[in-house]
Amino acid sequence: MAEITASMVKDLREKTDAPMMECKKALSEAGGDMAKAEEILRVKLGNKATKAAARITAEGVVAVYIVGDGKLGAILEGNCETDFVARNDDFIALVKSAAELVADRAPADVAALSGLPLGEGSVESTRSALVGKIGENMTLRRFQRVEAQGRLYSYIHGGARIGVLLDLVGGDEQLGKDLSMHIAASKPKALDASGVDAALLDTERRIALEKARESGKPENMLEKIAEGSVQKFLKEVTLLGQVFVKAEDGKQTIEQLLKARGATVAGFVLYVVGEGIEKKSSDFAAEVAQQAAAAAKDKVPSPS
């Protein structure tokens, strides 16, 4: 059996918010497999085991650029080390300029974007100079360029930590703004069920089966219960299945709203700053103490 270290328990606890002993038991049962241990905790503890998974750990901003007629646009995420730099005007200007270049020049990837001309040099030289000036690393992490089937709308939220680019066919400007805000608030994983990762659905089905079995449900009912749970999950994570955040009756789904307005969503892009990035945590007091000790050591005269 794999050794379960304190570090592994700590990592699982931070990711799931589950009690320490429950994390240790889950890791032991999973043979040290972190993903399997998280799944075990979800079976035992329900959604509590995933509430910490959405915590954003990296800093930065999202920029959106839409060409005048709304037929072409781009969304881009830039990262830095601290929220202080995320508010820096030069850093924000770099990210915005990069988003414009993505729309105008259609680079294949971040490496190609970095080589494009910007100012008196390139995107990369501008970034490097800014790193040298501020003394903090920063990167252009990801982007998407969208040629709209309909018209593009956007929404930026939370100090530019969340950005949405929406391709809406039909409807009007108000609907485009409302849907963009809804996406930022509800964070759908896909437009409809076809866009949801099959592995994710398999996990939800497996968890539902185990929870139903542990609660004593009849064996011949387990599959039906699991399928019901999967369908509920799909309504929660697909844009068309979600209840519109501004629905007056609290029941109207996005699919129903679009049908009533004679519109469709061709697609959307949602970026949340730092999503999927694990930021190294540090003990500030320990860091200060370490620096003070190093400074004191430097002052000690060398023996003659």
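Residues numbered from 1 in each chain as written. Predicted model: local features only at pLDDT ≥ 70, side-chain atom pairs only at ≥ 80, totals over all residues. Heavy atoms only, no water.

Details of the pairing of strand β2 (residues 72-80)
In terms of burial, β2 is a largely internal element, 9 of the 9 residues being buried. The side-chain alternation of β2 yields two buried faces, one formed by Leu 72, Ala 74, Leu 76, Gly 78 and Cys 80 and the other by Gly 73, Ile 75, Glu 77 and Asn 79. Taking the residues that link successive antiparallel strands as the turn, the strand β1 (residues 59-66)-β2 hairpin has 5 residues, and the phi of Gly 70 there is positive, at about 75°. The pairing of β2 with strand β5 (residues 138-147) spans 9 bridges and is classified as antiparallel. Its bridge partner lying in β5, Gly 78 is registered against Leu 140. (Buried < 20%, exposed > 50% of the residue type's maximum accessible area, 1.4 Å probe, protein only. Helix = DSSP H or I, 4+ residues; strand = E, 2+ residues; numbered from the N terminus. Pairing = 2+ DSSP bridges.)

Brief notes about the environment of Ser 128
Along the polypeptide, Ser 128 turns up in helix α7 (residues 123-134). Judged by its relative accessible area of 33%, Ser 128 falls in the partly exposed class. With 11 residues separating them along the chain, Ser 128 and Thr 139 place their C-alpha atoms 9.5 Å apart.

Some words on the sheet that holds β2
With respect to topology, 3 strands assemble into an open sheet ordered β1-β2-β5, the strand pairing being antiparallel. The sheet is open, and its two borders are formed by β1 and β5, each paired with just one other strand. Averaged over all pairs of adjacent strands, the angle between their axes in this sheet comes to 15°, without regard to strand direction. In the sheet, β1 pairs with β2 via 8 bridges, with the strands oriented antiparallel. Along β2, the bridge assignment pairs Ile 66 with Gly 73. Across the sheet, helix α5 (residues 89-105) is in contact with β1, β2 and β5; its angle to β2 comes to roughly 145°. (Axes fitted to C-alpha atoms, helices over the stretch in contact; angles between N-to-C directions. Contact = heavy atoms within 4.5 Å.)

Digging into the pairing of strand β7 (residues 162-169)
Burial analysis of β7 places 7 of its 8 residues in the buried class, which makes it a mostly covered element. In this structure, strand β6 (residues 151-157) lies alongside β7, joined through 7 bridges in antiparallel fashion. Counterpart to Leu 152 in the pairing with β7 is Asp 167. Linkage of β6 to β7, two consecutive antiparallel strands, is achieved through a turn of 4 residues, within which Gly 158 is found at a positive phi near 65°. Relative to strand β8 (residues 264-272), β7 runs antiparallel, the two sharing 8 bridges. Bridge pairing links Leu 165 to Val 269 in β8.

Details of the confidence of the model for the protein
Taken over all residues, the pLDDT of the protein has a mean of 86, while the share at 70 or more is 86%. Highest mean pLDDT in the protein belongs to β7 (98); lowest belongs to helix α12 (residues 284-299) (53). Low confidence marks residues 48-57, where pLDDT is under 50. Its contacts with residues over four positions away, or in another chain, come to 27 contacts. (pLDDT = per-residue confidence, 0-100.)

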